[in-house]
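Tertiary structure, described
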Amino acid sequence: MSSPWRDILLETLLGYVSWSLYHGLAPMIYYFPLQTLELTGLEGFSIAFLSPILLTIPPFWKLVNQKWMLGLLRVITASSIASFHAPNAKLRLVVLACGMASLLIVQAVTWWSGSALQRYLRIWGFILGQILLLVLRVWYTSLNPIWTYAIANRVMLTLGAVATLDRIGTDGDGSEPKGKKTGEVAKGVASRRHWLLSGAAWGALVFLTHWIFGEVSLVSRWAVSGHPQPGPDPNPFGGAVLLSLASGLMLPACSWFRDARLIWWAAGAASAAGLLYLRTWAAAVSGCVLAVFTGSMWPQVVGQLVSSETNPGATMTVAMLVYILDVFFCAWCTAFKFVPGGVYARERSDVLLGTTMLIIGLNILFGSKKNLDFLLQTKNSPKILFRKSEKYLKLLLWLLVGVGLLGLGLRHKTYERKLGKGAPTKEVSAAIWPLRFAYDNDGWSSLERSALLLKQTGADFITILESDASKPFMGNNDLTMWLGEELGFYTDFGPSTRDHTWGIMVLSRYPIVRSEHHLLPSPEGEIAPAITLTVNISGRLVDFVVTHFGNHEDDLDRKLQAIAVSKLLKNCSNQVIFLGYITSAPGSRDYQQLIEHGNIKDIDSTDYDRWCEYIMYRGLIRLGYARISHAELSDSEIQMAKFRIPDDPINYTDNQNVVIDHRKVPEKIHFNPRFGTYKEGHNYENNHHFHMNTPKYFL
C-alpha cells in the first residue's frame, strides 16, 4: 500500500493539470472569434465539456471501466498540456479539447468508483489542485506557467506523466467496493431525486471558482476605483483572498456548519451582491467573504455529487452543461455586440451571479445532506488511514497557502523597490497600444515580448487598451499587475472588470496623483471606457485622458462618446495629453468634436492615414511623433509622442517645423534607433519598425 503523502501529492499535481485544462480551453475557443469579431463555428469544440454523456451508454461505461482504457484516457489528459507546443492555434485547440473530454470521463469514472480512500484522495487532489494553481500564479505574477513558459510546460508535462503512470498502476486496486457489481459501482446512499440538482450545483460552483477565484488578484479588479482611493492593491491583498478560500475549506469540519448552512448561504449571497455593487474596500471585503463561502461549498457540493445514485455520466453532463452555459453567458455579457442574442445578455452579470448563487442555494435547501466526509462512513473503510490522510491534506493546504503568501511578500518588496525611479525631467513621452488581451496573432501569450517592446520604446506614460483579461474566457490573467511589476511602473486599471468593458490599463513611470474611471454613453454598441488622470512628473502636474470608443458601425455611440470625452478634456488643466482609440477618420465629426470642443491639438494634423489611434494635447510643446509596426504581436501599431512641459503653460510657443532627419534634432529627444529610421508607408516586414512616414520631430 502506498504512502498517503505520496498519493496526496500525486493527486494534487493531477488536480493542477485538470484545472489548467479548464483554464486553457476556453481562451483558445475565444481566440478565433476574437480574430474575426464574430462567431466562427470553432465554438463547437466546447462540446468537449459534454463528453461524460457518453457514459450514459452502457457499453461505453463498461469499456472505460476497463483498466487499459482508463489508463489511455489518463495519458491523453496529461499529454494534452503539450498542446502548448503545437505549430498552430487550431491544432492546439483540437488537442486541448481531446484532453478536456478525456479528463471529464476519467473524473466521472474514478470519483464514483474505487475504494472510499481512493475516491476521497482523488477529489481532494482536485480541490488542492486549484490551490496549487493559485499559488503558482502568485509566483508567476498572475500567469499560469503551464500555458506561458515553454520550460515550465515541459516540467509539468514530465511530472504529469510520472503522476499519471503511477495512478494507472493503482487503478483497479480495490476499484469496486466490496459487495458491488460492475454496473453498480456508481451507486451511493443518496436518493435519485438529488442527482439533477447536485450536478447543476457542481457546475455552478466550478464556474464561480473559475470566474472570480481563478486568480487571487481578481477580487481587487472587481473592486477597483480611481486614485487616490482605488481600493486594495492586488498584491498584497491577494493573500487575503487565498487565506479566505483555504479557511472556507476548513469550515465544514465545524460543528455548527451543518445546522447553519441556509444562514451561511444567505451570507454568501449577500457577499456576492456586495462584490457586484459596492466599491473599493467594501467590495473587497465582500469578495473575501464570498471566497470563504465558495471554499466551504466544495466539500459539501462534491460530496452530494458523488453520493448520487444516478449514472455518473448523467450527473457530470448536467454539471458541465451548466458550466459551459455560464461561461458563454459570461462572454455574452461583454461581447454582446458580436454574438447572436447578445442584446438579452448585455451587462447582465447580475443575472449570471444571481443564478449561480441560487442554484447553489437550492442544492443546500433541497439536495442531499451529505458532504465529502460521507466516504468516511463507508463500510470497512480504513478509519486510521482516513484520519492520517485528512491530517496530511490539511497540512499540505496550509503549506501551499504559506508558499503563496511568501511569494506575494517577495514580489511586493521587489515592486516597491522598482517604483519611483523616474529621473527629474521636463520632457515626457506617451504611448498608446491596443494589446488585445496579450494574445498575439497566432494565439500565443505575448506578455514577455510586449514588455520588452514597451521597455524599448522608453515611454514614460503608456495606455494599454483591450487589457482586461481577467475573465474566464480570456485566461483570468491580471495583465496590469504583471506589466506594472515587470516594468516598475505605477499602474491604474479601469473601469472595474464587472463593468463589462474591454479594459484600459495605465502604466506610468511617475506617480499617479488622482484618477477617475468613466463609462461613456453606449446606447447601442459595446461599453466604452475612459480614464482621466493627473500625474506628477518631476513636480509638474500633467493631466491625461485615455479612452476606447465603440465600433465604427455604432454612429450614435461614437457621437455621444466624443461629446462626453470633449467635456472631460475641457475640464482638465491647461496641460493635458489625450491618448484615444476613436474609430473615426481624421477630420471626421468625432475628430472635430474633440479638437474644437475639447480644446486640444492633434500631434500631427497632416497624418491622414489613421483610423483608430490618436494622440492630442494642450499646453505642451510637441517634440516628436512615431508609429511602430505591431509585427503580429497584436493587431494594432504603437503610437508615441514626445512633449516638453513649458515653464509657463500660458506664455509659450509650440514647435511648428517638421523634421524627418533625426540628425538635425537633439539626441535626447530621439526615439529609440532600435526601431530603425524614418520609413514611408506601411512596414510589411515581421519586425517592429517605424512606419507610416514617421518618426517626425518638431522644432
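The structure displayed is predicted, hence computed values, not measured ones.

1. Considering the overall build of the protein chain
- When you go through the protein chain residue by residue, the secondary structure sums to 19 helices and 14 strands.
- In terms of overall dimensions, the protein chain is globule-like: its C-alpha atoms have a radius of gyration of 27 Å, near the 27 Å expected for 699 residues.
- The C-alpha extent of the protein chain, read off along each of the three principal axes, is 90 × 50 × 45 Å.
- Counting all 699 residues of the protein chain, 63% fall into the buried class.
- Partitioning the intrachain contacts of the protein chain with sequence separation of at least 6 by distance along the chain shows that 76% fall at a separation of at least 24.
- As displayed, the protein chain has an accessible area near 25,800 Å², and 60% of this comes from carbon and sulfur atoms.
- In the protein chain, 64 side chains carry a positive charge and 56 a negative one; their mean positions are 9 Å apart.

2. Quick notes on the nonpolar core
- Counting residues in each nonpolar core, the largest one holds 171 residues, and the members touching the most others are Tyr 22, Trp 202 and Ile 212.
- No other element matches helix H1 (residues 4-36), which puts 17 residues into this core.
- The next biggest cluster of nonpolar side chains, apart from the first, holds 29 residues, and it includes Tyr 510, Ile 603, Cys 612 and Phe 698.

3. Quick notes on the pattern of salt bridges
- Tallied over the entire structure, the rule returns 29 salt bridges.
- Salt-bridge contacts for Arg 167 lead to Asp 7; the nearest nitrogen and oxygen are separated by 2.8 Å. With Arg 167 in helix H6 (residues 150-170) and Asp 7 in helix H1, this residue pair connects regions lying 160 residues apart in the sequence.
- A salt bridge links Asp 478 to Arg 221; the nearest nitrogen and oxygen atoms lie 2.8 Å apart. Highlighted residues: Asp 478 in the loop between strand E2 (461-465) and helix H17 (479-487) and Arg 221 in helix H8 (residues 218-223), separated in sequence by 257 residues. Take Asp 478 and Arg 221: they sit in the same class, and that class is buried.
- Each of Arg 6, Asp 7, Glu 11, Asp 166 and Arg 167 takes part in a single network of salt bridges with overlapping partners.

4. What about the layout of surface pockets?
- A volume near 940 Å³ is recorded for the largest pocket.
- Every residue lining the largest pocket is counted, 48 residues in all, and those nearest its centre are Leu 34, Leu 37, Arg 436, Glu 466 and Asp 635.
- Among the secondary structure elements, those contributing two or more residues to the lining of the largest pocket are H1 and helix H12 (312-334).
- Class assignment of the residues belonging to the lining of the largest pocket gives a composition of 25 nonpolar, 11 polar and 12 charged.

5. Re the sheet that holds strand E6 (residues 529-537)
- Overall, mixed pairing links the six strands, which are arranged E5-E6-E7-E8-E10-E9 in an open sheet. In the strand order of this sheet, the two ends are held by strand E5 (512-519) and strand E9 (601-602), each with one partner.
- Two strands pair when backbone bridges link them, and strand E7 (residues 540-548) and strand E8 (residues 576-581) are joined in this way by six bridges, in the parallel orientation. Within the sheet, the bridge partner assigned to His 548 lies in E8 and is Tyr 581.
- The strands that helix H19 (residues 589-597) touches are E8, E9 and strand E10 (613-618); relative to E10, the one it contacts most, it runs at about 15 degrees.

6. Overview of the packing of H12 against helix H14 (residues 349-366)
- In the contact formed by H12 and H14, the axes pass within 9 Å of each other and the chain directions differ by 160 degrees. One finds that H12 runs roughly antiparallel with respect to H14. Crossing angle aside, the handedness with which H12 passes H14 is left-handed. Touching Val 322, Asp 326, Phe 329, Cys 330 and Cys 333 of H12 are Ser 349, Val 351, Leu 352, Thr 356 and Ile 359, all from H14.

7. Thoughts on H19
- Within the sequence span of H19, burial applies to Asp 590, Tyr 591, Gln 593, Leu 594 and Ile 595.
- Next to the buried residues of H19 lie helix H18 (555-570), E8, E9 and E10.
- Trailing H19 by a residue or two, Asn 599 shows a phi angle of about 55 degrees, which is positive.

8. With respect to unusual backbone geometry
- The omega torsion of the bond from Asn 235 to Pro 236 falls at 25 degrees, within 30 degrees of zero and hence cis.
- Note that Pro 236 resides in helix H9 (residues 234-250).
- Residue Pro 495 is bonded to the preceding Gly 494 through a cis peptide linkage, with omega at -15 degrees.
- Looking at the element boundaries, Pro 495 is found in the loop between strand E3 (490-494) and strand E4 (504-508).
- Notably, Ser 142 is not glycine yet its phi reads approximately 85 degrees, a positive angle.
- Checked against the element boundaries, Ser 142 lands in the loop between helix H5 (116-139) and H6.
- Residue class for Ser 142 comes out buried when judged on its relative accessible area of 0%.
- Positive phi values are uncommon outside glycine, yet Asn 476 reaches one of about 60 degrees.

Procedures and definitions
Residues numbered from 1 in each chain as written. Predicted model: local features only at pLDDT ≥ 70, side-chain atom pairs only at ≥ 80, totals over all residues. Heavy atoms only, no water. Helix = DSSP H or I, 4+ residues; strand = E, 2+ residues; numbered from the N terminus. Rg over C-alpha atoms; globule rule 2.2 N^0.38 Å. Buried < 20%, exposed > 50% of the residue type's maximum accessible area, 1.4 Å probe, protein only. Contact = heavy atoms within 4.5 Å. Areas by Shrake-Rupley, 256 points an atom, 1.4 Å probe, with all protein chains shown as cover. Lys, Arg positive; Asp, Glu negative; His and termini not counted. Charge placed at Lys NZ, Arg CZ, Asp CG, Glu CD. Core = buried A, V, L, I, M, F, W, Y, C linked by side-chain atoms within 4.5 Å. Salt bridge = Lys/Arg side-chain N within 4 Å of Asp/Glu carboxyl O. 1 Å grid on protein atoms, 1.4 Å probe; cavity = no way out; pocket = protein on both sides within 12 Å on 5 of 7 lines; lining within 4 Å. Points joined across faces, edges and corners; volume = space filled by probe spheres on them. Nonpolar A, V, L, I, M, F, W, Y, C, P; charged D, E, K, R; others polar. Pairing = 2+ DSSP bridges. Axes fitted to C-alpha atoms, helices over the stretch in contact; angles between N-to-C directions. Parallel < 35°, antiparallel > 145°, perpendicular 65-115°, else oblique. Left-handed = near helix turned anticlockwise from the far one by under 90°.

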